[in-house]
Amino acid sequence: MSELHFPWIECSILAPLLGAVWLQLRSNSERALRDTVVVCVVTLLLTIGELVDFTWVGAFEAHDHWPFLSWIFPPDVFVIDELSAFQLPLAALIFMVIVLSTLRTKAPRFSLELALISESLVLATFSCRASWALIALLIASTIPPLLELRRRQRCSRIYCLHMGLFAGLLIVGYGGLTLVDASSSAILIPGALLTAAGLLRSGIFPLHLWMTDLFDKATFGTAILQTTPLVGAYAVMRLVLPIAPSWALQSIAVLSLFTAVYAGAMALVQSDARRMFCFLLLSQSSLILVGLELVTPIGLTGALSLWLSVAMSLTGFGITLRCIEARISRFSLDEFHGLYPQMPMLAGFFLLTGLASIGFPATVGFVGMELLIEGAVEVYPFVGTMVVIATALCGIAVLLAYFRVFTGRENRTLISMRARPAERFAILLLTVLLLGGGLYPQPGISSRYHAAKELTRLRHDASIEDVPVEPTPHPHAAAAANIPD
Amino acid sequence: MNALEIFFHVSGTAVVASPVLLLAVMGLALLFNRPLSETTTVRLTQTSVLLSLLPAIAILITMLATGIRNVPIEFGNWVTIPEQAFHFHLKFTFDRLSIPFLMLSCVLCGVVGEFTRRYLHREQGFARFFLFYAIFYCGMVLSSLAGTIETLFVGWEMVGLSSALLIAYFHERENPVRNGQRVWTIYRLSDAALLIASITMHHMVGEGDFGGLMNSGIWPEGTAAVTSSQALLVGSLLLIGAAGKSALFPFSGWLPRAMEGPTPSSAIFYGALSVHLGAYLLLRLSPLIEASFALQMMVLSLGTISAIAGALMSRVQNDVKTSLAFASLTQVGIIVVEIGLGLRYLALIHIMGHATLRTMQLLRAPTLLRDYNDLENKIGARLQQPPWSGVRWLPQSIQHWCYRFGFDRGFMDIALDRWIAAPFVSCFRTCNEWEGRITRFLSREPIAKTETDSSGFDDNTSQDISTAA
C-alpha cells in the first residue's frame, strides 16, 4: 500500500485534540478564540498537506506508518483514499470558518473545546475505513452536541433517543455482519440495520426530527458543525455501499428522494430561520444520498461533487445566518427585517451561498447537480424529474429567505452591523472556493469521477450481485472517441 | 485556421467575453466593498455594450459579404467525462437568428443603460442596479448565442435571477419584494421544465447541441432529428419553460407585478428582451415544433389564448405600465402564433420591432401621465378617449364578463393561488404542525416561545408562499 511522506493524517487529528487540551489548561477566555482559530488554521493546513501529498502519491489509497506515532494510533486504522482525501480539508475548512466567524461576545456560549474535540473526531472518522474503530468514532462524534445540550440545560431527550438508536443499530448491525457469511442472504439483516443507522444519521424522513430539534436547542455553530460535514453520508458510503445489493440501494435512493422533495417543500413554509436552514440542508444532503445510491459512475460523480458543494455552500449560508443572529438574536422569517443597508456584504454572501447550494450556474454545485440529474435519469427518468423539483423548491426558499432577511422595510440602526474582518475573511475564502470551483470545475470533476469509478470497481470486486459495473459507453461517446462498435 | 476563421473567433470571443468581464468587475467591486463611482459604472457598461455590439456588427457584415450563414464559435468542453459521454460544451452560434437578437439585446441594453444613468442618479442602489443589469446583460448574450441547451440554461437562469432581484429593487417596501418573489417562483418552476427538457434531449440525441437536434440545415431550414413523439415530449417541456419566461397563459400573472421595479428595468425586461426570450427559444427550436402536429397545435393555442387574454387585460388596467405590460403579452402571443404557423422570419422581425417600440413606450411612461395632466389643465377638460365600437356588438353579459376577466387579470392569479398554492401550503403546514407535536411529545419540554413561533405562521408568510406558488 502507498505511504504518505509525512504523518498528515495523525497530525491533523492530534492538532485539534491538543488544542482542546491547551484551551482547558490556559482557561484564559480572552485569548481562547484566537488560540482556537490558530489551531483550526494549523489543522486545515495539515489536511491540505495531506491532500497535496496524496495527489502526489497518485494511488487510490494511502496511509502513514510513522514510528513515533504508532504507539498512539494502531497501524492501518487511518487510511485515506480518493473519497476521504477531499473530505478532510473540507471538514477542517468548515470548522475553521465557523470558529473564525464566531463573535467574541458569543464565544462563551459556543464551546470552543467541544468544537475542537468534534473536529478531531470528524477528521478521524473521515480517515478511518470500515471497522469497529469507525463505528466507535461515529458514535463518539455524537457526544459533543449532547454535552452542549446538557450544559445549556436544554432537553436532550430527542437527540439521545435518535443517537442511542443510531449507536445501537451500528453496533448490532456491524456485529451481525461479522458473524454471518458474506455470500449468504442472511447478510441482508445486518445490512438493513446499518442502512437504518446511516439514514438516521443523515436525517432521512421520518428519522429527521433530531436535526430540527438540534437546530432549535443547540447553539447554531454546533448544529452546523454536527450536520454540514455530512458524516451520515460517509457512514453510508463505508458501511452500506459495499454490502447492499443494487435493488436495496435504489430503494434507499427513493426514500432519500422523497426526503429531498419533502424537506424542500418544508423549507418553504418555515417561519424560523434556523428550521428553514435545517430543511434546506436536509433536502440537499438527501440529494447527495440519491446520487450515492444510484451506484452508477456518473451518478456517483455527481453525488461526490455535490457533497463538496453542499457542505461548503451550506456552511457559508449557515455562517451568514449565524452572523445575523449574533447581531439581532434569533429571528423569524414571518416578517421583513430590511437588513440590506446594514450588511450589504453579508446579503451578497447569503444570496451567493444559497444559490450555490442549489447548483446555480457558475457556482461549484452546478456541474455536480447536472451530473446527478443525468445519473438519476439514467436509472429512472422520474427520479431526475423529482431531483429537479426538489432543487426548484429549495431555490424558491432561498430567495424567500433572502427577501425576508434583507429587504421589505427600512431598518436604520445607530451602531454598525457590518461584517468584521474575521467574518469578511471567512466569507471571501468561501466565495473564492464557491465561484472558483464553479468557473473552473474540470479538475474537481475529474478527481471525483476517478473516485467514483474506483468505488464502483471496489463494489464490483466485493461480488455484490447485479452491480452495474462500467456501463457501456453511450453510442455517441463511442463515436466521439472513435471507438469501433 | 485561416484569416477569416481567426477573425470570426476573435470577434465572437469579444462578444461573449465583454459582458462576462463587466459582470466580473462589478461583482468583485461590490464583493470587496469597493463600490465604483456612478461615472465609472456607466462608462464600463457603455464600453462593454460597444465591445459586444461592434464585433457582432463586424461578424454580420462579413457573413453577408462572404455568404456564410452560420459561424460556430467553440470554446471546447467546459467539463467533460469522455468515458460517460458527459460533456458541457461551450459553443456559441452566430446565425440569422442569433445575430439580430444579439444586436437587439446590445442596442436596447445600451439605451436603457444610458437612460438609467440619469433616471437613478444619486440613488442609493445605483451600483446594485448596474450589477443586476450586468447579470441580465450577460445572461441575454449567453442565451442569444447559445449553441447548446446547457449554455442556454446558464444564460436563462441569469436572466431569471436578475429579473427577480430588479423587481425587488426598492428594498424598503414590501410590495416590490413580494412581487420579485412571485416572479422568481414562476421562473424556477418553468425553468425546471427547461432543465428536464435539456436532460431528455441529452438522452435522445446524446448531446445538448442544437445542431444535433436539427438533422440538416441551419436556421431557419433545419429539420428535427427526432421522432414525432420525442419532439412532442421535449417540445412540451420547452413550451412550459418558454411560457414561464414570456409570461404566456397561464403564467401571465407575474407580468404586472414585475412593473414594481424601476422603469428602466421594466422597459428592458418586460417590454423588450426577457419577455421575448421564450419566443426566441421556440424560434430556435422551430423545426422541433414542426416535427409534431400536436405540438404545433399546442403552440398555436397557447399563443392565441395569450394574445386574446393580453388584449382584454391591457384595455382595462388603470396603470400605464401594467397596461403596456399586457399589451406586450398580446404581441408576444401573436409572435408565438407566427412561430406555430412556421412564419419564422416574420416572427423574428415582429420581435425586433415590438421590442424596440415597447422599450420606447415604457421609458416614456413615467412622464406621459404628467404630460397628460398638463394638457388637460391647459384645455380645461378631460381628453376624449376613442370608444372601442366593436364591443357594442357583444351582449351585455359578455361585455361584463370580459371586463371582469380583464380587470382580474384573467383570474389566473386567483386560480393558481386557490388550486395550487393553497393546497400546497395547507399540506405542508399540517406536516409542520405534526412534526411540532411529535417533537413536543417526545421531548416533553415546556413549549418555549421560539418553538411556538417556529410552528406558527402569519398571514404574510402564507400570502408570500401563495404568491410564490
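Note on numbering: residues in each chain are counted from 1, in written sequence order. Numbering of ligands from 1 and lettering of chains from A proceed in the order in which they are written. Restriction of local features to residues with pLDDT of at least 70 applies here, the model being predicted, together with a cutoff of 80 or more for giving and counting side-chain atom pairs; totals for whole chains, interfaces and linings are based on all residues. Hydrogens and water are ignored here; the side-chain numbers use all heavy atoms of the structure.

*Asks:* Quick question: what am I supposed to make of the overall build of chain B here?
*Replies:* Within chain B, the secondary structure is distributed over 19 helices and four strands. Throughout, the radius of gyration refers to the C-alpha atoms, and the reference size of a globule is 2.2 Å times the residue count to the power 0.38. For chain B, whose C-alpha radius of gyration is 24 Å, the value lies close to the compact-globule estimate of 23 Å for 469 residues. The principal-axis extents of the C-alpha atoms in chain B amount to approximately 75 × 75 × 55 Å. Each residue gets one of three labels from its accessible area relative to the maximum for its type: buried under 20%, exposed over 50%, partly exposed in between, using a 1.4 Å probe on protein chains only. Within chain B, the fraction of its 469 residues that count as buried is 56%. Contacts in chain B between residues far apart in sequence, at least 24 positions, make up 76% of those at least 6 positions apart. Surface summary for chain B: the accessible area is close to 19,000 Å², and the carbon and sulfur share equals 64%. Numbering of helices and strands runs from the N terminus, with a helix taken as a DSSP run of H or I at least four residues long and a strand as a DSSP run of E at least two residues long. Two residues form a contact once any of their heavy atoms are found within 4.5 Å. Note on areas: Shrake-Rupley, 1.4 Å probe, and residue coverage restricted to the protein chains presented here.

*Asks:* In this structure, what is going on with the interface of chain B and chain A? I would like to understand it.
*Replies:* Note: interface size is frequently given as the accessible area lost on complex formation between the parts. On the side of chain A, 75 residues touch chain B, which itself brings 67 residues to the contact. Across the chain B/chain A interface, buried area totals approximately 6,500 Å², and carbon plus sulfur atoms make up 66% of it. It is B:Trp78, B:Gln84 and B:Glu435 in chain B that bury the most area against chain A; as a group they hold 10% of the surface buried on that side. A carboxyl oxygen of Asp or Glu within 4 Å of a side-chain nitrogen of Lys or Arg is what we treat as a salt bridge. One can count two salt bridges joining chain B with chain A. For A:Lys453, the salt bridge identified is with B:Glu83, shortest N-O distance 3.2 Å. N or O atoms closer than or at 3.5 Å make up a polar contact, with two conditions inside protein: a donor-capable atom paired with an acceptor-capable one, and, for residues adjacent in sequence, both atoms drawn from side chains. Seen at the junction of chain B and chain A, the total is 15 residue pairs in polar contact (both at pLDDT 80 or more). Examining the composition of the side of chain B that touches chain A, we find that 16 residues originate from one element, helix H6 (residues 174-205) of chain B, more than from any other. Three classes are used: nonpolar for Ala, Val, Leu, Ile, Met, Phe, Trp, Tyr, Cys and Pro, charged for Asp, Glu, Lys and Arg, and polar for all others, with Gly counted as polar. Within the side of chain B that touches chain A, the residues separate by chemical class into 32 nonpolar, 19 polar and 16 charged. As used here, buried area is the combined drop in accessible area, with a 1.4 Å probe, of two parts when they are placed together.

*Asks:* How should I be thinking about a nonpolar patch on the surface in this particular structure?
*Replies:* A cluster of nonpolar residues, A:Val41, A:Leu45, A:Ile48 and A:Val52, forms a patch on the protein surface that exposes about 320 Å² of accessible area. The exposure class assigned to A:Leu45 is exposed, which follows from its relative accessible area of 53%. Distance thresholds for patches are 9 Å for like charges and 5 Å for nonpolar side chains (Val, Leu, Ile, Met, Phe, Trp, Tyr), applied to residues having over 30% relative accessible area and no salt bridge.

*Asks:* I would appreciate a short explanation of the UniProt feature "domain: NADH-Ubiquinone oxidoreductase (complex I) chain 5 N-terminal" (unreviewed entry) in chain B in the present structure.
*Replies:* Annotation from UniProt places "domain: NADH-Ubiquinone oxidoreductase (complex I) chain 5 N-terminal" (unreviewed entry) at residues 82-130 of chain B. The span residues 82-130 of chain B carries 55% helix and 20% strand; its end-to-end C-alpha distance comes to 40 Å. UniProt positions are given in the numbering used here, feature names are shortened, and annotations may be inferred rather than shown by experiment.

*Asks:* So what exactly am I meant to see when it comes to the pattern of salt bridges here?
*Replies:* Pairing between side chains of opposite charge can happen when their charged atoms approach one another. Residue and element names in this part refer to chain A. Under the counting rule described, the total for this entry stands at 22 salt bridges over all chains. Close ionic contact of Arg 330 with Asp 216 constitutes a salt bridge, the shortest N to O distance being 3.1 Å. One end of the pair, Arg 330, is in the loop between helix H15 (297-328) and helix H16 (344-357); the other, Asp 216, is in helix H10 (residues 209-217), and 114 residues separate them in sequence. The residue Arg 327 makes a salt bridge to Glu 423 at a minimum N-O spacing of 2.6 Å. Highlighted residues: Arg 327 in helix H15 and Glu 423 in helix H19 (residues 421-439), separated in sequence by 96 residues.

*Asks:* What exactly am I supposed to notice about unusual backbone geometry here?
*Replies:* Keep in mind that most residues, glycine aside, have a negative phi and that most peptide bonds are trans. Note the cis peptide between A:Phe205 and A:Pro206, where omega equals 5°. Here A:Pro206 shows up in the loop between helix H9 (188-202) and H10. Of the consecutive residues B:Phe249 and B:Pro250, the connecting peptide bond is found in the cis state with omega at 5°. Note on placement: B:Pro250 falls in the loop between helix H8 (228-245) and helix H9 (254-257). Even without being glycine, B:Phe411 reaches a positive phi, approximately 55°. Secondary-structure assignment places B:Phe411 in the loop between helix H16 (396-407) and helix H17 (412-443). Of the residues examined, B:Phe411 reaches a relative accessible area of 25% and is grouped as partly exposed.

*Asks:* Is there a simple way to think about the packing of H10(A) against helix H11 (residues 220-227) of chain A in this case?
*Replies:* Helix-helix packing is characterised by the crossing angle of the two axes and by the distance between the axes. Residue and element names in this part refer to chain A. As a rule, the C-alpha atoms of each element are fitted with a line to give its axis, helices using only the stretch in contact, and angles between N-to-C directions run from 0 to 180 degrees. Across the interface, H10 lies against H11 with an axial gap of 8 Å and an inter-helix angle of 150°. Judged on the interaxial angle alone, H11 and H10 are roughly antiparallel. Taken together, the residues of H11 that come into contact with H10 (itself represented by Trp 210, Met 211, Leu 214 and Phe 215) are Phe 220, Ala 223, Ile 224, Gln 226 and Thr 227. Of the residues that constitute the contact of H10 with H11, the class distribution is seven nonpolar, two polar and no charged. In what follows, roughly perpendicular refers to angles from 65 to 115 degrees, roughly parallel to angles under 35, roughly antiparallel to angles over 145, and oblique to any angle outside these ranges.

*Asks:* What should I look at first to understand the environment of A:Ile189 in this one?
*Replies:* Relative to the helices and strands, A:Ile189 resides in helix H9. Sequence-wise, A:Ile189 and A:Gly176 are 13 residues apart; in three dimensions their C-alpha atoms are separated by 8.0 Å.

*Asks:* Just checking my understanding: could you explain the nonpolar core for this structure?
*Replies:* One broad trend across soluble globular proteins is that nonpolar side chains are buried collectively. Side-chain atoms within 4.5 Å are what join buried Ala, Val, Leu, Ile, Met, Phe, Trp, Tyr and Cys residues into a set we call a nonpolar core. Ranked by size, the top nonpolar core spans 319 residues in total, and within it A:Leu292, A:Trp307, A:Phe406, B:Phe94 and B:Trp254 carry the most contacts. A per-element tally of this core places helix H18 (residues 381-406) of chain A first, with 18 residues. Residue contacts for B:Trp254: discarding those within four places in its chain leaves B:Val183, B:Ile186, B:Tyr187, B:Gly244, B:Lys245, B:Ala247 and B:Tyr270.

*Asks:* Just to check I follow, could you spell out H18(A) for this structure?
*Replies:* Given 3.6 residues to a turn, an α-helix orients residues that are three or four positions apart in the same direction. Residues and elements named next belong to chain A. Here H18 spans 38 Å end to end across 26 residues, near enough to the 38 Å set by a 1.5 Å rise per residue. For H18, a buried count of 22 out of 26 residues is recorded, marking the element as mostly surrounded by other parts of the structure. Immediately beyond the C-terminal end of H18, within one or two residues, lies Gly 408, with a positive phi of roughly 100°. In this analysis, the expected span of each helix is defined as 1.5 Å times one less than the number of residues it contains.

*Asks:* Whenever I open this one, the confidence of the model for chain B confuses me. Can you help?
*Replies:* Segments scoring low in pLDDT should not have their predicted coordinates read at a detailed level. Residues and elements named next belong to chain B. Residue-level confidence of the predictor is summarised by pLDDT, bounded by 0 at the bottom and 100 at the top. Looking at chain B as a whole, the pLDDT averages 87, with 91% of positions reaching at least 70. The low-confidence segment residues 449-463, where pLDDT is below 50, has 35 contacts with residues more than four positions distant or belonging to other chains. Counted against residues more than four places away or in other chains, residues 465-469, with its pLDDT under 50, gives 22 contacts. ipTM for the predicted complex: 0.90, alongside a pTM of 0.90.

*Asks:* Looking at this model, I keep getting lost on the pairing of strand S2 (residues 86-95) of chain B. Mind explaining?
*Replies:* Taken residue by residue, a regular strand's side chains alternate between the two faces of the sheet. Residue and element names in this part refer to chain B. Counting buried positions along S2 yields eight of ten residues, so the element is predominantly enclosed. One bridge is not enough; two strands pair if DSSP finds at least two bridges between them. The pairing of strand S1 (residues 70-81) with S2 spans nine bridges and is antiparallel. The partner of Glu 74 across the bridge, within S2, is Lys 91. Count of turn residues in the S1/S2 antiparallel hairpin: four residues, of which Ala 85 carries a positive phi of about 60°.

*Asks:* What am I meant to see in the sheet that holds strand S3 (residues 79-81) of chain A here?
*Replies:* Whether parallel or antiparallel, the strands of a sheet pair through hydrogen bonds between backbone atoms. Residue and element names in this part refer to chain A. Read from one edge of the open sheet, three strands run S1-S2-S3, paired in mixed fashion. Strand pairing shows two members of the sheet lacking a second neighbour, strand S1 (2-3) and S3, which therefore form its edges. As judged from the two bridges shared by S1 and strand S2 (residues 61-63), these two strands associate in the parallel manner. Pairing of Glu 3 across the sheet is with His 63, part of S2.

*Asks:* Help me out: how do you make sense of the packing of aromatic side chains in this one?
*Replies:* How two aromatic rings sit relative to each other is given by the distance of their centres and the angle of their planes. In this scheme Phe, Tyr and Trp rings, the latter by its six-membered ring, pair at centre separations within 6.5 Å, and the angle between planes marks the pair as stacked below 30 degrees, edge-to-face above 60, and tilted otherwise. Counting across every chain of the model gives 37 aromatic pairs over all chains. Ring geometry for B:Phe75 against B:Phe92: centres 5.7 Å apart, planes inclined by 70°, an arrangement best described as edge-to-face. Note that B:Phe75 is positioned in strand S1 and B:Phe92 in strand S2, a separation of 17 residues in sequence. Residue classification places B:Phe92 among the buried positions, given a relative accessible area of 4%. Each member of the aromatic cluster is reached from another via a ring pair, and the members are A:Phe215, A:Phe220, A:Phe277, A:Phe317, A:Phe350, A:Tyr402, A:Phe403 and A:Phe406. Charges are assigned to positions over rings by a cutoff of 6 Å between ring centre and Lys NZ or Arg CZ, combined with an angular limit of 35 degrees from the ring normal. One Lys or Arg, A:Arg322, reaches over the ring of A:Phe110 and ends 4.9 Å from the middle of that ring. The ring of B:Tyr187 has B:Lys245 sitting right over it, with the charged end atom 4.0 Å from the ring centre.

*Asks:* For this particular structure, what's the right way to read the side chain of B:Ser18?
*Replies:* All names here are of chain B. Among the structural elements, Ser 18 can be located in helix H1 (residues 3-31). Owing to a relative accessible area of 8%, Ser 18 belongs among the buried residues under this scheme. Among the polar contacts made by the side chain of Ser 18, one reaches the main-chain carbonyl oxygen of Ser 48 at a distance of 2.6 Å. Dropping the residues within four chain positions of it, Ser 18 is found in contact with Ser 48, Leu 51 and Ser 52.

*Asks:* Mind showing me how you'd approach the packing of helix H8 (residues 157-179) of chain A against H9(A) here?
*Replies:* Residue and element names in this part refer to chain A. Relative orientation of the contacting elements H8 and H9 amounts to 150°, with a least axis distance of 8 Å. Accordingly, the angle class assigned to the pair H8 and H9 is roughly antiparallel. Our pair here, H8 against H9, has a crossing hand that is left-handed. Counting all contacts with H8, which are made through His 162, Met 163, Leu 165, Phe 166, Leu 169, Leu 170, Val 172, Gly 173, Tyr 174, Gly 176 and Leu 177, the residues of H9 involved are Pro 190, Leu 193, Leu 194, Ala 196, Ala 197, Leu 200 and Arg 201. Handedness of each helix crossing follows the sense of rotation of the near helix against the far helix: counterclockwise by less than a right angle gives left-handed, clockwise gives right-handed.

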